[in-house]
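Commentary on secondary and tertiary structure
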Protein chains: 2
Amino acid sequence: MQLLQRGSYVGCIGFSVAGRPLVLPVNYIADADGIVFCTAPGTKLSALANGIQVASEVDASIPLYHSGWSVLVQGTAREIVDPAQLEYLRRGPLKSWAVRPSEHWVRISIDEISGRRLREV
Amino acid sequence: MQLLQRGSYVGCIGFSVAGRPLVLPVNYIADADGIVFCTAPGTKLSALANGIQVASEVDASIPLYHSGWSVLVQGTAREIVDPAQLEYLRRGPLKSWAVRPSEHWVRISIDEISGRRLREV
């Protein structure tokens with residue numbers, strides 16, 4: 001949870017559209033309840049907004065030492081529609097590099113979380 | 001293809017196990033025919049070795065400039081069983097940080113490839 005919350009702010013979201021897996025990068029923030037990211041309308045959002053199962057992966061690596069860590073979250077994605085939550089999210093602290101904060105927000109619940117660390121060799 | 005082949009050697013593989021999406025980091029190499037990675041026996045390999053649909057995502061980012069790029073490949077994963085190919089792969093050039101080269105190798109075909117670049121703001 002600590003690595004998820006403080007170790008990075010770029011992660012991958014994996015899900016299936018019509019049975020085909022898809023993995024897309026997002027800027028995210030994580031709190032105790034899950035992962036939140038911002039997205040523009042389109043395939044990604046329309047697939048994610050309906051309570052589908054998704055995976056979220058976050059990692060960091062140090063190539064010189066062949067070391068790093070990764071965190072995998074499996075959960076359910078739902079669009080955030082509560083106006084108070086949206087207001088809070090649109091004021092920050094997450095600034096997506098690709099999407100204006102006025103766009104749609106999606107929360108992924110943490111149903112299962114696991115991780116792996118590769119120590120320096 | 002150039003970014004896939006030269007821009008990184010750590011990527012994510014997304015696929016579903018029993019209907020649940022999963023995203024895992026791998027060290028990979030890419031050639032004109034696809035993406036190749038090395039894996040230890042277990043859930044990941046047993047799910048991937050049967051010709052299932054997978055997604056592979058590779059990215060790089062420059063946080064200071066909120067810029068970066070990502071490449072998404074959608075394809076089919078199959079275990080490599082040809083002895084000559086395995087011999088070639090085990091001699092390098094891919095050195096997985098986590099898995100010994102004697103382990104199983106999987107190739108992902110490139111059925112569809114797309115990408116995105118965020119310029120410096």
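Preceding this section is the structure that the text describes.
For the structure given in this document, a descriptive report is provided here. For clarity, every value in this text was computed on a predicted model and none was experimentally measured.

Once that is clear, we can look at the overall build of chain A. Along the backbone of chain A there are three helices and seven strands. Listing every helix and strand of chain A by position from the N terminus yields α-β-β-β-α-β-β-α-β-β. Scaling as 2.2 N^0.38, a compact globule of 121 residues should have a C-alpha radius of gyration of about 14 Å, and chain A matches this with 15 Å. Reported as C-alpha extents along the three principal axes, the dimensions of chain A are approximately 50 × 35 × 25 Å. By residue count, 45% of the 121 residues in chain A fall in the buried class.

Facing 29 residues of chain B, the contacting portion of chain A comprises 29 residues. Of the roughly 2700 Å² buried between chain B and chain A, counting both surfaces, carbon and sulfur atoms make up 62%. Area buried by chain B at its contact with chain A is led by R20(B), P21(B) and W97(B), which between them contribute 27% of it. Inspection of the region where chain B meets chain A yields two salt bridges. Salt-bridge contacts for E112(A) lead to R20(B); the nearest nitrogen and oxygen are separated by 3.3 Å. Those elements that place two or more of their residues in the side of chain B that touches chain A are β1 (10–17), β2 (20–31), β4 (50–62), β5 (67–79) and β7 (112–118) of chain B. Residues of the side of chain B that touches chain A, tallied by class, amount to 16 nonpolar, eight polar and five charged.

Residues and elements named next belong to chain B. Here β1 pairs with β2 via eight bridges, running antiparallel. Its bridge partner lying in β2, C12 is registered against P25. The hairpin formed by β1 and β2 contains two residues between the paired strands, and A18 there has a positive phi angle of roughly 50°. Pairing of β1 with β4 involves three bridges; the strand directions are antiparallel. Looking at β4, one finds that I13 is bridged to S56.

Conventions and cut-offs
- Residues numbered from 1 in each chain as written.
- Chains lettered and ligands numbered in written order.
- Predicted model: local features only at pLDDT ≥ 70, side-chain atom pairs only at ≥ 80, totals over all residues.
- Heavy atoms only, no water.
- Helix = DSSP H or I, 4+ residues; strand = E, 2+ residues; numbered from the N terminus.
- Rg over C-alpha atoms; globule rule 2.2 N^0.38 Å.
- Buried < 20%, exposed > 50% of the residue type's maximum accessible area, 1.4 Å probe, protein only.
- Contact = heavy atoms within 4.5 Å.
- Buried area = accessible area lost by both parts, 1.4 Å probe.
- Salt bridge = Lys/Arg side-chain N within 4 Å of Asp/Glu carboxyl O.
- Nonpolar A, V, L, I, M, F, W, Y, C, P; charged D, E, K, R; others polar.
- Pairing = 2+ DSSP bridges.

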